[in-house]
Amino acid sequence: MSEYKIAVIRGDGIGVDVIEEGLKVLNEIARRYEITLEFTEFPWGSDYYFEHGKMMPDDALDTLAAFDQIYLGAVGHPELQDHVTLNGLLLPIRRRFDQYVCERPSVLYPGIRSPLADKEAWDIDIAVIRENTEGEYANVGGFQYKGFPEEVGIQTSVFTRHGCERVIRYSFELARSRDKKRHVTSVTKSNAQGYGLIVWDEAFERVAAEYPDIATSSLLVDAACMDFVRKPEEFDVVVASNLFGDILTDIGAIITGSMGTAPSGNIDPMRRYPSMFEPVHGSAPDIAGQGIANPMAAIMSGAMMLRFMGEEDAASAIDGAVLSVLEEGGRLTPDLGGSASTAEVGDAVVAQL
């Protein structure tokens, strides 16, 4: 029997609700497949900040290092600026555990209507690989004359040859394993950012030469955003910097029907440290506590976690149950045109298992 220690951080807003349903599904699949999942919950996030002045305790990263994986709900609170919540919890975890790959699938599933009128199930099947530890989110810079009329803020993007090559290489390996279009698109803006993104472009060229069986293209980020809407069916694997990947995956989630069906994994492919799995949708404070949040992304993030740990059969069973619920269409949350509650959707997925 396989045994895994999973750290659970529900975090803020709807993260509390959707992780409840994710745990419900994971506990059921563990029972059916004789997997031991030992969950340990940590009450970190904005509420912890209001009480302690920080998003998590000083030794939090040392605590998390003892776990196999991390299962996260969301961070973000309307009374806190995003840089407080992100730099207080999410980004330190990604950096400390070198989770340099953020893998975000965008799939148009059966039973979901895309806002793009001519797209049908499976027409859109994109895997966006976002560089996750450097780039525009490297948090390098500072203030000068803070609080004065002459205030200056300097934000520096960091692109290293090592960081670019490793995430790009992951993208090519993924394109091989998907065995679909066998194509990798690089997203850049080196016409305007002529240093860091030149490092990115040249890294892409070097790595591409190692994979002659994989077709490639390179798009400026504005053209990529346009083509995600205009012809998303042409994309297979897309690799992008931290900022560009973040923006593109929000577009990918919406053209496939809802942010509520967008899972993700913050991954250390070397498996030296715990990876972290979370829904893309954020804390959505406007609907927090109402019981209408879509838990599908959290449930599918749980499946990604199982697959990463080698539990392919269990992960596929969850994916199949989610697909059945979506295709039947009777128990969907309001974002997908239904009237089911968060808990009812979780129950429906368990029933399909």
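Above this text you will find the structure in question.
Along each chain, the written sequence defines residue order, and numbers are assigned to residues from 1. It should be noted that, the model being predicted, local features are given only for residues of pLDDT at least 70 and side-chain atom pairs only at 80 or more, the latter also being counted only at that level, while totals for whole chains, interfaces and linings use all residues. For side-chain calculations, the full set of non-hydrogen atoms in the structure is used, while hydrogens and water are omitted.

## Thoughts on the nonpolar core
The nonpolar core is taken to be a set of buried Ala, Val, Leu, Ile, Met, Phe, Trp, Tyr and Cys residues, with the residues joined through side-chain atoms within 4.5 Å. We call a residue buried when its accessible area falls under 20% of the maximum for its residue type, exposed when it is over 50%, and partly exposed in between, using a 1.4 Å probe and counting protein chains only. With 85 residues, the main nonpolar core has L37, Y71, I168, F172, L306 and I318 as its most contacted residues. Broken down by element, the residue count for this core peaks at 9 residues, all from helix α9 (residues 296-308). A60, F67, L90 and F97 belong to the second-largest nonpolar core, a separate cluster that totals 19 residues. Secondary structure elements are defined from DSSP: runs of H or I of at least 4 residues count as helices, runs of E of at least 2 residues count as strands, and each element is numbered from the N terminus.

## Observations concerning the pattern of salt bridges
Think of a salt bridge as a Lys or Arg side-chain nitrogen and an Asp or Glu carboxyl oxygen that are within 4 Å of each other. Considering all chains together, one arrives at 32 salt bridges under this definition. Shared partners join several salt bridges into a network, and the residues in it are D98, R166, D268 and R272.

## Topic: the layout of surface pockets
Whether a set of points on the 1 Å grid over the protein atoms alone is a cavity depends on a 1.4 Å probe fitting there but being unable to get out, while an open set qualifies as a pocket with protein on both sides within 12 Å along at least five of seven lines; lining residues are those with an atom within 4 Å of a point. Grid points are joined across faces, edges and corners, and a volume is the space filled by probe spheres set on the points. In this structure, the largest pocket encloses a volume near 870 Å³. Looking at the lining of the largest pocket, the elements that each hand over two or more residues are β3 (69-74), α4 (82-96), β6 (135-144), β7 (152-158), α8 (242-255) and β12 (275-279). Ranked by residues supplied to the lining of the largest pocket, first place goes to α4 with 9 residues. Classification used: nonpolar for Ala, Val, Leu, Ile, Met, Phe, Trp, Tyr, Cys and Pro, charged for Asp, Glu, Lys and Arg, polar for all others including Gly. Within the lining of the largest pocket, the residues separate by chemical class into 12 nonpolar, 13 polar and 9 charged. Reported here for the second largest pocket is a volume of approximately 640 Å³. Together, 23 residues line the second largest pocket, and E103, P105, M304, R307 and D319 are the ones closest to its centre. Going through the elements one at a time, β4 (101-107), β5 (125-131), α5 (161-178), β11 (263-267), α9 and α10 (312-328) are the ones with two or more residues in the lining of the second largest pocket.

## Side note on the sheet that holds β5
For two strands to count as paired, DSSP must find a minimum of two bridges between them. Spatial ordering of the open sheet is given by β2-β1-β3-β12-β11-β4-β5-β10-β8-β9, a layout of 10 strands whose pairing is mixed. Two strands in the sheet have a free side with no partner beyond their single neighbour: β2 (35-41) and β9 (215-220). Strand-to-strand twist in this sheet, taken as the mean axis angle between neighbours without regard to direction, amounts to 25°. Sheet topology note: the strand β8 (residues 183-188)/strand β10 (residues 237-240) ladder contains 3 bridges and is parallel. Bridge pairing links S186 to V239 in β10. Here a residue-residue contact requires only that any non-hydrogen atoms of the pair lie within 4.5 Å. The convention used is that axes are lines fitted to C-alpha atoms, helices contributing only their stretch in contact, and that angles between N-to-C directions extend from 0 to 180 degrees. Packing against the sheet, α5 makes contact with β4, β5, β8, β9, β10 and β11, and its axis sits at approximately 160° to β5. Helix-sheet contacts for helix α6 (residues 196-208) involve β5, β8, β9 and β10, and the interaxial angle to β8 is about 165°.

## Overview of the pairing of β2
Pairing between strand β1 (residues 2-11) and β2: 7 bridges, direction parallel. Within β2, the residue paired with E3 across the bridge is T36. When the strands point away from the viewer, a crossover counts as right-handed if the path from the first strand over the helix to the second runs clockwise. This β-α-β element, β1 to helix α1 (residues 15-33) to β2, shows right-handed connectivity.

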